[in-house]
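Secondary and tertiary structure notes
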Amino acid sequence: MPILAEAFALVFQPYVLMVILASAAFGMFVGAIPGLTATMATALLVPVTFFMDPVPAIAAIVTATAMAIFAGDIPGSLLRMPGTPASAAYVEDSYRMTRSGRSEEALGACLVFSAIGGIFGTVVLVTAAPVLAEVALKFSSFEYFWLVVLGLSCAIFVSPGSVPRGMISLIIGLFAATIGIDNPAGQPRYTFGNVELLAGIQFIPAMIGLFAVSEVLRSVVSGADTPAVEAGGKKGIFTRQWANLKRYPLQTLRGSVAGTAIGALPGAGADIAAWISYAVSKKFSKEPKKFGTGHVEGLVEAGASNNGAVSGAWIPALVFGIPGDSITAIVIGVLYIKGLNPGPTIFINQPQLIYAVFIVFFLANIIMLPMGWIAIKAARTILSIPARVLMPIILMFCIVGSFAINNTPFGITLMLIFGVIGFLMEENDIPIAPAILGLVLGPMLEQNFVTSMIKADGSFLAFFERPIAAGLGLFTIAIWSIPLVIAVLRRRRPDAARAA
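Quick caveat: nothing in here was measured; it's all calculated off a predicted structure. (Residues numbered from 1 in each chain as written. Predicted model: local features only at pLDDT ≥ 70, side-chain atom pairs only at ≥ 80, totals over all residues. Heavy atoms only, no water.)

**What about the overall build of the protein?**
Secondary structure summary: the protein contains 22 helices and zero strands in total. Counting over 500 residues, the protein shows a buried share of 55%. Within the protein, residue pairs in contact and separated by at least 24 positions form 79% of the contacts whose partners lie at least 6 positions apart. Looking at the protein as shown, the accessible area adds up to about 21200 Å², and 70% of this sits on carbon and sulfur atoms. (Helix = DSSP H or I, 4+ residues; strand = E, 2+ residues; numbered from the N terminus. Buried < 20%, exposed > 50% of the residue type's maximum accessible area, 1.4 Å probe, protein only. Contact = heavy atoms within 4.5 Å. Areas by Shrake-Rupley, 256 points an atom, 1.4 Å probe, with all protein chains shown as cover.)

See the structure below:
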């Protein structure tokens, strides 16, 4: 108890609380601008943390990260421009809800269930960090390969259209992921002598192009000059959320658990967690056909998963000093600078600082609610702007976000190319979401497959020799096989009836 009291005293100081509030506003702003990710928000804060004590320094990063992950949902819902890669998983549902005058319900669901997922993840971080970290360390390239294949299989479930069209979209994304020199062989692929392509297809410009620029092109082609979306929806941001929580308690728990567990796997992060949770939600939903048409159920589960993964990523970082994602990789550097060497000994030598970090996690997720409410209310003014004014502004933000990744005009070129590709895909009823998933997971799939084959000396049986890998592999194969078996049985029944 004295240690906990000391931790509370470290956090509840006027200076620390001011840092938390300022970081919350900063994270909300950065996350809401497409192209400026939560990782970028963390990186921008690092120079500022040099002049802070350990607790406010870590508090700044934790708060800004939690806010940025949620804030990515705001442009996704209002403008179909996902602010973060995780937001792209359910952008179709949130944007269609906005178009039908339910913007506050959509953003309210993203806000409330992000906070719930974050608080759940923090509880797990506090109570079960060492146990979960031990399990996460047992993941080798074999387990990661099956995890990625499972994630790619989600493309079948997140596709609003037919399975073949979803597979076409996934193949487009996987092909784009093969471009460049960043592959196990270290050989340039499909660069055609272009030096800029050696670095591969940057994910952020591609995502902005596929979602946002394609929407601008559609607006130009349609020639509409009405407001981009209907501004209706008189109900408050929090009005429907208690009903959503009572209606979808299992989805909330499932998303929080999945997000925390996937976040605890080094290198996985919120992106994969959101996609897998959205796919699981659709698979087990009583109304799967409503997904992609403006259905709140997917937002509930994937939103909880988003921020659950943020907390989960700190489990291997604190317990073993192994980053769970790119954000905690930066955090580990900050911890070392501040004299907090992450690892098992930190819980023994400086327990008050660790408990202070846990308290900050709870505070960050609670503060998210009022800060998110203010951000949503401010952002809703966008809904009343005519399309002829709004679309050039969107295009300007697209250009800024694409340029900011590497400070090179090539990012803008990629954005425009993928904008045209996205427009043509949607004109032919090919969904965009699987292409994004292929682009995100493609490099991880190839890296883990090649590494595993080298370890196994070319034997495919090695992918099933380890218990966790075997479980993931059999589960993935079952996901592929069950729909095929059901389809075959359905065809045989009419044939048997005719024969009778």
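**Section: the packing of aromatic side chains**
Considering all chains together, one arrives at 13 aromatic pairs under this definition. For the ring pair Phe8 and Phe12, a centre distance of 5.7 Å and an interplane angle of 15 degrees mean the geometry is stacked. Look at Phe145 and Trp146: their rings are 5.3 Å apart centre to centre, the planes differ by 70 degrees, and that puts the pair in the edge-to-face class. Take Trp146: its relative accessible area is 7%, and that puts it in the buried class. Linked through ring pairs, Phe142, Phe145, Trp146, Phe449, Phe460, Phe463 and Phe464 together constitute an aromatic cluster. (Phe/Tyr/Trp six-rings, centres within 6.5 Å; stacked < 30°, edge-to-face > 60°.)

**Section: the environment of Phe362**
Within the element layout of this structure, Phe362 appears in helix H18 (residues 351–379). Here the alpha-carbon distance between Phe362 and Thr63, two residues 299 residues apart in the chain, equals 9.7 Å. Excluding residues within four positions of it along the chain, Phe362 makes contact with Ile119, Thr122, Val123 and Val126.

**Re the pattern of salt bridges**
Counting across every chain of the model gives nine salt bridges. For Glu104, the salt bridge is made with Lys377, and the minimal N-O distance between the two is 3.0 Å. Of the two residues, Glu104 sits in helix H7 (residues 103–137) while Lys377 sits in helix H18, which places them 273 residues apart along the sequence. Judged by its relative accessible area of 5%, Glu104 falls in the buried class. The salt bridge partner of Glu301 is Arg254, with a shortest N-O separation of 2.9 Å. A residue pair is termed long-range when its members are at least 10 positions apart, and Glu301 in helix H14 (residues 296–312) and Arg254 in helix H12 (residues 249–263) qualify at 47 residues. With a relative accessible area of 1%, Glu301 lands in the buried category. A residue is classified by how much of its surface remains accessible, and Arg254, at 22% relative accessible area, is partly exposed. Counted as one network, the salt bridges with shared partners bring together Arg102, Glu105 and Arg240. (Salt bridge = Lys/Arg side-chain N within 4 Å of Asp/Glu carboxyl O.)

**Digging into the nonpolar core**
Counting 134 residues, the largest nonpolar core has Ile201, Trp314 and Ile436 as the members making the most contacts within it. By residue number, the principal contributor to this core is H18, which donates 16 residues. With near-sequence residues (within four places) excluded, Ile201 lies in contact with Ala176, Ile179, Ala206, Leu414, Phe418 and Leu439. One finds Leu45, Met52, Ala60 and Ala64 within the second-largest nonpolar core, a separate group that totals six residues. (Core = buried A, V, L, I, M, F, W, Y, C linked by side-chain atoms within 4.5 Å.)

**A closer look at H12**
For an α-helix, 3.6 residues make a turn, and residues three or four places apart therefore share a direction. Between its terminal C-alpha atoms H12 stretches 21 Å, which fits the 21 Å expected from 15 residues at 1.5 Å a residue. What H12 keeps buried is the set Gln251, Thr252, Gly255, Ser256, Gly259, Thr260, Ile262 and Gly263. (Expected span 1.5 Å × (residues − 1).)

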